[in-house]
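# Working through the structure, step by step
Residues per chain are reported as follows:
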Amino acid sequence: TRFATKRLKALEHCVDTVFTCLQLHALDPRCITQRANSKCDRDLAKAAAAGAALDAAIADRCGGLVFDTLRTASGANLAELAPACADVQVAAVGTLADYQSCLARRHVCGVEALLEFEAPRAAELLALVGKTLHSPFCPVP
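Computed from a predicted model, the values in this text were never measured in an experiment.

Scanning the protein chain from terminus to terminus reveals six helices and zero strands. The order of helices and strands in the protein chain, counted from the N terminus, is α-α-α-α-α-α. Among the 141 residues that make up the protein chain, the fraction classed as buried is 35%. A separation of at least 24 residues holds for 62% of the contacts in the protein chain among residues at least 6 apart in sequence. Counting only carbon and sulfur atoms, one obtains 59% of the accessible surface of the protein chain, whose full area is about 8,400 Å². Seen as two clouds, the 15 positive and the 15 negative side-chain charges of the protein chain have centres 7 Å apart.

Once that is clear, we can look at helix 2 (residues 30-62). Helix length check: helix 2 (33 residues) gives 46 Å between terminal C-alpha atoms against 48 Å at 1.5 Å per residue, within 8%. A maximum bend of about 30 degrees is found in helix 2 at Ala36. Among all positions of helix 2, only Cys31, Ile32, Ala36, Cys40, Asp43, Ala47, Ala50, Gly51, Leu54, Ile58 and Cys62 are buried. In the stretch just after helix 2, Gly64 is the one whose phi turns positive, near 60 degrees.

Bringing the pattern of salt bridges into the picture now. Within the structure shown, the criterion is met by five salt bridges. Put simply, Asp41 and Lys131 hold a salt bridge, and the shortest N to O gap is 2.6 Å. Within this pair, whereas Asp41 is found in helix 2, its partner Lys131 is found in the segment after helix 6 (122-127), the two being separated by 90 residues in sequence. Since its relative accessible area comes to 18%, Lys131 is described here as buried.

The next point concerns the packing of helix 2 against helix 5 (residues 96-118). Here helix 2 crosses helix 5 at 135 degrees, and the two axes come no closer than 10 Å. Here helix 5 runs oblique to helix 2, going by the angle between their axes. For the pair helix 2 and helix 5, the sense of crossing is right-handed. Packed against helix 2, whose contacting residues are Leu54, Asp55, Ile58, Ala59 and Cys62, the element helix 5 presents Leu96, Tyr99, Gln100, Leu103 and Ala104 at the interface. Of the residues in the contact of helix 2 with helix 5, the class split is eight nonpolar, one polar and one charged.

Calculation notes
- Residues numbered from 1 in each chain as written.
- Predicted model: local features only at pLDDT ≥ 70, side-chain atom pairs only at ≥ 80, totals over all residues.
- Heavy atoms only, no water.
- Helix = DSSP H or I, 4+ residues; strand = E, 2+ residues; numbered from the N terminus.
- Buried < 20%, exposed > 50% of the residue type's maximum accessible area, 1.4 Å probe, protein only.
- Contact = heavy atoms within 4.5 Å.
- Areas by Shrake-Rupley, 256 points an atom, 1.4 Å probe, with all protein chains shown as cover.
- Lys, Arg positive; Asp, Glu negative; His and termini not counted.
- Charge placed at Lys NZ, Arg CZ, Asp CG, Glu CD.
- Expected span 1.5 Å × (residues − 1).
- Bend = angle between axes of the 7 residues up to and from the residue.
- Salt bridge = Lys/Arg side-chain N within 4 Å of Asp/Glu carboxyl O.
- Axes fitted to C-alpha atoms, helices over the stretch in contact; angles between N-to-C directions.
- Parallel < 35°, antiparallel > 145°, perpendicular 65-115°, else oblique.
- Left-handed = near helix turned anticlockwise from the far one by under 90°.
- Nonpolar A, V, L, I, M, F, W, Y, C, P; charged D, E, K, R; others polar.

Take a look at the structure:
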């Protein structure tokens, strides 16, 4: 939840900053090229740090024997995640790293879809500062 929330807030702040530049400082191109770009870089770096924290939390709580238990049918039956993980280009959930990747990617895709719903022009606004909304591993609706 923390990871998804931080990523969504970072993207929202970035989009808001670009939008503010366009609306209030349209005659000052430095607003987008300098202010918005650096703000977006800072916010997205914080979101990336949240991704690293997610990986660490999963490794801490699910590593070793716990992951082996989760994989079984009487555990979390991680084999059932295979179709959902394949949707985000994770072929199998055979290792803890696969599980981490699948979970993070599914959250990233969910956040991107939510932001697109919140701000339909988000992709266009992010492109103005050289960022993309849609990660290459997310399924296209």
